[in-house]
Amino acid sequence: MEEFHKVRRLPPYVFEQVNRLKAAARAGGADIIDLGMGNPDLPTPQAIVDKLCEVVQDPRSHRYSASKGIPGLRRAQASYYARRFGVKLDPDTQVVATLGSKEGFANMAQAITAPGDVVLCPNPTYPIHAFGFLMAGGVIRSISVEPDDTFFPPLERAIRHSIPKPIALVINYPSNPTAHVASLDFYKEVVAFAKKHDLFILSDLAYSEIYFDGNPPPSVLEVPGAMDCTVEFTSMSKTFSMPGWRIGFAVGNERLVSALTRVKSYLDYGAFTPIQVAATHALNGDGSDIAEVRNVYHRRRDVMVDAFGKAGFEVPPPAATMFAWAKIPEPFRHLGSLEFSKLLVEKADVAVAPGIGFGEQGDEYVRLALVENEHRIRQAARNIKKFFSTADDTLHNVISLNAHR
């Protein structure tokens, strides 16, 4: 049977191929060390859990909640932005709670995209940045992910040669998957470019608190005038180890926030009220929980860089995020990231995310998530080292699926 129109427009979900292999291996008794999905393994801080348990005892909290987010939660997010970035937000008009940043991004695409609208999107990038617009009927034009002087000449060409003119520019720093971090000076140039060409800026700042160099990543909203054209998405998932709780935010330009709020009002009643109250408690905390999460990822990063390097798999140390973005070792690079990722599951009991899943520009890379403890990361490195040492004898007949295309 013919696929539905919107489903037909979506690329194959390549991560599912690795997930099937991983599930089959585990069903066969293999101990798979999973560095693939960015699913935090750290527990949610106990004080946040306790607040949830307290509020859930009140039957009044079991009723429908507010799609926009309860007032206290929106005020807490505004206060966080004031403390962290020095950005003043009106919690009534410039903040909307979302069911995680992924849902917020997808529904923003629904809110602002007409069929055929062009959106400028990094490649490689987190899939929803492109897929959200594809599902909304938009068209993606890929741009560079490097936050430096090389970013703008291709952007200028994309503006000149796109018909119709693009409506929005997606940015994501710290970047998933590449872990690139942008400076405030870079953001100033981005805002000036967007205003010159009448573009909206959609900024994904989900990893703002996971950084390792002592230099907190800025928000694009710190740039004077950015509020005129920018909305920014954040998430509680990584910052507070609350991935399953599904709480995030969109903040910034009133017109964009209003459009998202209106679309959401037709689609959901918001997160469960006790979850929103617990998230409020987290945002109003002293920041010690955030610092501990950051320290754990920092230690894991250092172990991964050292252990994988000794195994013959060079992993550049990321300055931020809970991911490392590593080039496939040269002897395996011709296979492409999907086939290499499959081999790691089959031959080394290690799961990673193939770079092709983030865009064709990522096919020489894999993403490694820091979601296993230090012992397991060292074990993954030992498994990979053993696989590499026997690869010449066991992989002579393996070719890339793209070899004959």
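Predicted model, so just to flag it, every value in this text is computed and none were measured.

Conventions adopted
- Residues numbered from 1 in each chain as written.
- Predicted model: local features only at pLDDT ≥ 70, side-chain atom pairs only at ≥ 80, totals over all residues.
- Heavy atoms only, no water.
- Salt bridge = Lys/Arg side-chain N within 4 Å of Asp/Glu carboxyl O.
- Helix = DSSP H or I, 4+ residues; strand = E, 2+ residues; numbered from the N terminus.
- Buried < 20%, exposed > 50% of the residue type's maximum accessible area, 1.4 Å probe, protein only.
- Domains from an automatic or database assignment.
- Contact = heavy atoms within 4.5 Å.
- Buried area = accessible area lost by both parts, 1.4 Å probe.
- UniProt positions renumbered as here; feature names shortened; annotations may be inferred.
- Phe/Tyr/Trp six-rings, centres within 6.5 Å; stacked < 30°, edge-to-face > 60°.
- Lys NZ or Arg CZ within 6 Å of the ring centre and 35° of its normal.
- Axes fitted to C-alpha atoms, helices over the stretch in contact; angles between N-to-C directions.
- Left-handed = near helix turned anticlockwise from the far one by under 90°.
- Nonpolar A, V, L, I, M, F, W, Y, C, P; charged D, E, K, R; others polar.
- Pairing = 2+ DSSP bridges.
- Core = buried A, V, L, I, M, F, W, Y, C linked by side-chain atoms within 4.5 Å.

Some remarks on the pattern of salt bridges
And step 1. Taken as a whole and judged by the stated rule, the model has 19 salt bridges.
And step 2. One salt bridge connects D185 with K188, and the closest N-O pair in it is separated by 3.9 Å. With D185 and K188 both in helix α8 (residues 184–196) and three residues apart, the pair spans about one turn of that helix.
And step 3. Residue K188 is classed as partly exposed on the basis of its relative accessible area of 42%.
And step 4. Of the charged contacts, one joins E364 and K327 as a salt bridge, the two residues approaching to 3.5 Å between their closest N and O atoms. Of this pair, E364 sits in the loop between β11 (353–354) and β12 (365–369) while K327 is found in strand β9 (residues 323–327), placing the two residues 37 residues apart along the sequence.

Comments concerning the domain arrangement of the protein
And step 1. Here the protein is partitioned into domain 1 (3–41 + 287–388) and domain 2 (59–282).
And step 2. Computed over C-alpha atoms, the centres of domain 1 and domain 2 are 25 Å apart.
And step 3. Taken together, the contact pairs 28 residues of domain 1 with 31 residues of domain 2.
And step 4. Carbon and sulfur atoms supply 67% of the area buried between domain 1 and domain 2, which totals about 2700 Å² over both sides.
And step 5. Three residues, R9, R294 and T321, lead the burial of domain 1 against domain 2; their summed loss comes to 22% of the area buried on that side.

Digging into the UniProt feature "domain: Aminotransferase class I/classII large" (unreviewed entry) in the protein
And step 1. Cross-referencing UniProt, the feature "domain: Aminotransferase class I/classII large" (unreviewed entry) maps to residues 31–382 in the present numbering.
And step 2. The span residues 31–382 shows a helical share of 42% and a strand share of 14%, and its end C-alpha atoms are spaced 14 Å apart.

Thoughts on the packing of aromatic side chains
And step 1. The full count for this structure, using the stated rule, is 23 aromatic pairs.
And step 2. On the basis of an interplanar angle of 45° and a centroid distance of 6.2 Å, the ring pair of F313 and F388 is categorised as tilted. Taken together, the positions of F313 in the loop between α12 (288–310) and β9 and F388 in helix α15 (residues 374–394) put the pair 75 residues apart, joining distant regions of the chain. Take F313 and F388: they sit in the same class, and that class is buried.
And step 3. Through a chain of ring-to-ring contacts, the aromatic side chains of F151, F152, Y173, F186, Y187 and F193 assemble into a single cluster.
And step 4. For the cation-ring pair, R367 lies above F323, with the distance from its terminal atom to the ring centre recorded as 3.8 Å.

Topic: the packing of helix α5 (residues 100–112) against helix α6 (residues 128–135)
A packed helix pair is summarised by two numbers, namely the angle formed by the two axes and the spacing between the axes.
And step 1. It is at 8 Å that the axes of α5 and α6 come closest, and there the two elements cross at 35°. Our pair here, α5 against α6, has a crossing hand that is right-handed. Judged by residue contacts, K102, F105, A106, A109, Q110 and I112 of α5 engage I128, H129, G132, F133 and M135 from α6.
And step 2. Of the residues that constitute the contact of α5 with α6, the class distribution is seven nonpolar, three polar and one charged.

Quick notes on the sheet that holds β11
And step 1. Across the sheet, three strands lie side by side as β9-β12-β11; this open sheet has antiparallel pairing. Two strands close off the open sheet at either side, each with one partner strand: β9 and β11.
And step 2. Where β11 and β12 come together, two bridges link them in antiparallel fashion. Each residue of the ladder has a partner; that of P354, found in β12, is V366.

Observations regarding the environment of F249
And step 1. Mapping F249 onto the fold places it in strand β8 (residues 248–252).
And step 2. Between the C-alpha atoms of F249 and T98, which are 151 residues apart in sequence, the distance is 5.1 Å.
And step 3. Leave out the neighbours within four places in its chain, and F249 touches L73, Q77, V95, V96, A97, T98, E232, F233, T234, M236 and L283.

Describing the nonpolar core
And step 1. Counting residues in hydrophobic clusters, the biggest one holds 51 residues, and the most contacted among them are Y81, F151, L169, I171, M236 and F249.
And step 2. Of all the secondary-structure elements, those providing two or more residues to this core are α4 (71–85), β2 (95–98), α7 (152–161), β5 (168–172), α8, β8 and α11 (273–283).
And step 3. When near neighbours in sequence (up to four residues on either side) are disregarded, Y81 contacts G86, V87, L89, L205, S219, L221, E232, T234 and V251.
And step 4. Core analysis: the second largest hydrophobic core is formed by 42 residues, L35, F323, A326 and A380 among them.

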